[in-house]
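# Topology and contacts: notes
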Amino acid sequence: MVTNFSRFLLCAILITTAHTFRGFLWQADTLSPVLRELSSVVIFLADFPLMALLVVSVVRLLRDEMFNHTIAIIMKRFGGAFWIGLVGWVMVGAVWAEETTLVQYTVFRLVLELNLALVTADLVRRGMGRSLALALLLGAGIQSCLAVAQVIHGGALGLGWLGELQADEIYNTGSRLRGYGLTVNPNNLSGYLLIALFGWVWLLSLQERQVPLLLLGMLLFSGLLATGSSTAILSLLLVSGLLFFRQRPHVLLVVIAAGGLLWWRESSVPMRDRLFFAYDDTLEVIQESPILGVGGGHLMVEIARQRPFSEALLLPAHNAFLMIWAELGLPGLILILLIFGQVTATTLNPYDPSSNLIAKHRPDPIFIWGGCMLAIGLVMLFDFYFWGDFRLRILWLWVMGMWWGEITHRLDEDSKVR
């Protein structure tokens, strides 16, 4: 009963996380215009079921032995301890941070997100992950339809009552409108759809009904194209080529070449600006405190302090790793890199020698979610939303949970064989 309620809450989170609804509960004082979400305590639509999930997890910790066992395995063997260390380090940052409220808020969100990952892993281990992926694909399918329609229509669809923003309310680059669905930015939507496409591949690997899923996959990829995010599209192509065509070098080269051509054609700004967008202010903050960082959630507060009375909107570096370094210092950055390293090493060198890239001519689930983590890491090199936008960070931790779940499920299967 409690486990099913956790699954229901997770489905609600996955459907609602990419939505514009937000309520500002507190905001740091800044003398220059900054993105409010990066200097405030904000509550999003998905936060309501997310907080309820934490309460349910506390109850499960007291009475669910398998849930506790799943957590223990993850903490001991598959990098869960790195996340605990990250939460602890952010808490320590309150000692030198100027706004302790932002640090406390960052810690609270990390706890919520880590709990989501652990619950996801437990559900996948129990064989209940299919409904989670379907919930994500439901939300992503709706968002894709809206994004494609916005591009065809050339503007908003008049769905303000559903949370749709007007075209002039979003940050849009280039001369043509990019689809953004019910999100705040086309790039943010592209991150949502990127993860959904890996969920789609995972469902295909479970031998779901092929024709409906193929049609849904076409819709999701059309939505991704409508966002115009060459970073997300290229990451998808590169990781797909690496995982599924590694043993066919000629196919991999074609995929990489196609991705490079797409990047070049879609780029509306010089390559250097694309790779190093808005770096200067963030690098100044890093130079201010390269070891300890300025505190969780403090990057934009520090940038505004360094550039008071700026008329232009101040932005963080479009590189999530630099953003993490600025806020959490070298220890925080190292922990994040260790997390990605753990996933990559385990995915490419599975503990089961018989587990290879292709299992019975189907993509291996561990490789699918490990590949999704790799794609997220690539996107983080060129944008900040998987760290700075908490709605997308929820999805990043969900992917982490899916990967953990497949790993622990594989352990259970191997123990049965023995």
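Up top is the structure these notes are about.
How each quantity is defined
Residues numbered from 1 in each chain as written. Predicted model: local features only at pLDDT ≥ 70, side-chain atom pairs only at ≥ 80, totals over all residues. Heavy atoms only, no water. Buried < 20%, exposed > 50% of the residue type's maximum accessible area, 1.4 Å probe, protein only. Helix = DSSP H or I, 4+ residues; strand = E, 2+ residues; numbered from the N terminus. Pairing = 2+ DSSP bridges. Expected span 1.5 Å × (residues − 1). Polar contact = N/O pair within 3.5 Å; in protein donor to acceptor, adjacent residues only side chain to side chain. Contact = heavy atoms within 4.5 Å. Axes fitted to C-alpha atoms, helices over the stretch in contact; angles between N-to-C directions. Parallel < 35°, antiparallel > 145°, perpendicular 65-115°, else oblique. Left-handed = near helix turned anticlockwise from the far one by under 90°. Nonpolar A, V, L, I, M, F, W, Y, C, P; charged D, E, K, R; others polar. Salt bridge = Lys/Arg side-chain N within 4 Å of Asp/Glu carboxyl O. Phe/Tyr/Trp six-rings, centres within 6.5 Å; stacked < 30°, edge-to-face > 60°. Lys NZ or Arg CZ within 6 Å of the ring centre and 35° of its normal.

The next thing to look at is the pairing of strand β2 (residues 40–44). Taking burial as the measure, the 5 residues of β2 include 5 buried ones, the bulk of the element. Burial of the side chains of β2 extends over both faces: S40, V42 and F44 are buried on one face and V41 and I43 on the other. Summarising the sheet, strand β1 (residues 22–27) and β2 pair through 5 bridges and their orientation is antiparallel. Pairing of W26 across the sheet is with V41, part of β2.

An α-helical segment advances 3.6 residues per turn. Residues three or four places apart therefore align on the same side. With 15 residues, helix α1 (residues 2–16) should cover 21 Å at 1.5 Å per step; its first-to-last C-alpha distance of 21 Å lies within 8% of that length. Every buried residue belonging to α1 is among T3, S6, L9, L10, C11, I13 and L14, and all of these are buried.

Moving on to the side chain of R391. Of note, R391 is situated in helix α17 (residues 390–417). A polar contact is formed between the side chain of R391 and the side chain of E37, at a distance of 2.8 Å. Those residues in contact with R391 that sit more than four places away from it in its chain are T17, H19, T20, F21, R22, E37, F44 and V184.

Right, let's talk about the packing of helix α6 (residues 129–153) against helix α7 (residues 186–205) for a bit. The axes of two packed helices give the description: the angle between them and the distance between them. Two numbers describe how α6 lies on α7: the axes approach to 9 Å, and their chain directions differ by 135°. One way to sum up the angle between α6 and α7 is to call them oblique. Regarding α6 and α7, the two cross each other, and that crossing is left-handed. Listed contacts from α7 to G129, R130, A133, L134, L136, L137, G139, A140, Q143, S144 and A147 of α6 are L189, Y192, L193, I195, A196, G199, W200, W202 and L203. Within the contact of α6 with α7, the residues separate by chemical class into 14 nonpolar, 5 polar and 1 charged.

What follows deals with the pattern of salt bridges. Here the structure, examined in full by the defined rule, presents 15 salt bridges. Close ionic contact of R393 with E113 constitutes a salt bridge, the shortest N to O distance being 2.9 Å. A residue pair is termed long-range when its members are at least 10 positions apart, and R393 in helix α17 and E113 in helix α5 (residues 100–125) qualify at 280 residues. Both residues of the pair, R393 and E113, belong to the buried class. Its salt-bridge partner being D281, residue R307 comes within 3.0 Å of it at the nearest N-O pair. Taken together, the positions of R307 in the loop between α13 (299–306) and α14 (320–348) and D281 in helix α12 (residues 279–288) put the pair 26 residues apart, joining distant regions of the chain.

Looking now at the packing of aromatic side chains. Per the counting criterion, the structure on display carries 10 aromatic pairs. Summarising the aromatic geometry, the rings of F340 and W396 are spaced 5.7 Å apart at their centres and angled 20° between planes, so their arrangement reads as stacked. Placement of F340 in helix α14 and of W396 in helix α17 is noted, with a sequence separation of 56 residues between them. For F340, a relative accessible area of 11% puts it in the buried group. Overall, the relative accessible area of 0% leaves W396 in the buried class. The interplanar angle of 50° and the centroid separation of 5.0 Å between the aromatic rings of Y385 and F386 together place this pair among those described as tilted. These aromatic residues form a ring-pair network of at least three members: W83, F321, F340 and W396. Note that R36 overlies the ring of F24, its terminal NZ or CZ placed 3.7 Å from the centroid. Note that R393 overlies the ring of W387, its terminal NZ or CZ placed 4.4 Å from the centroid.

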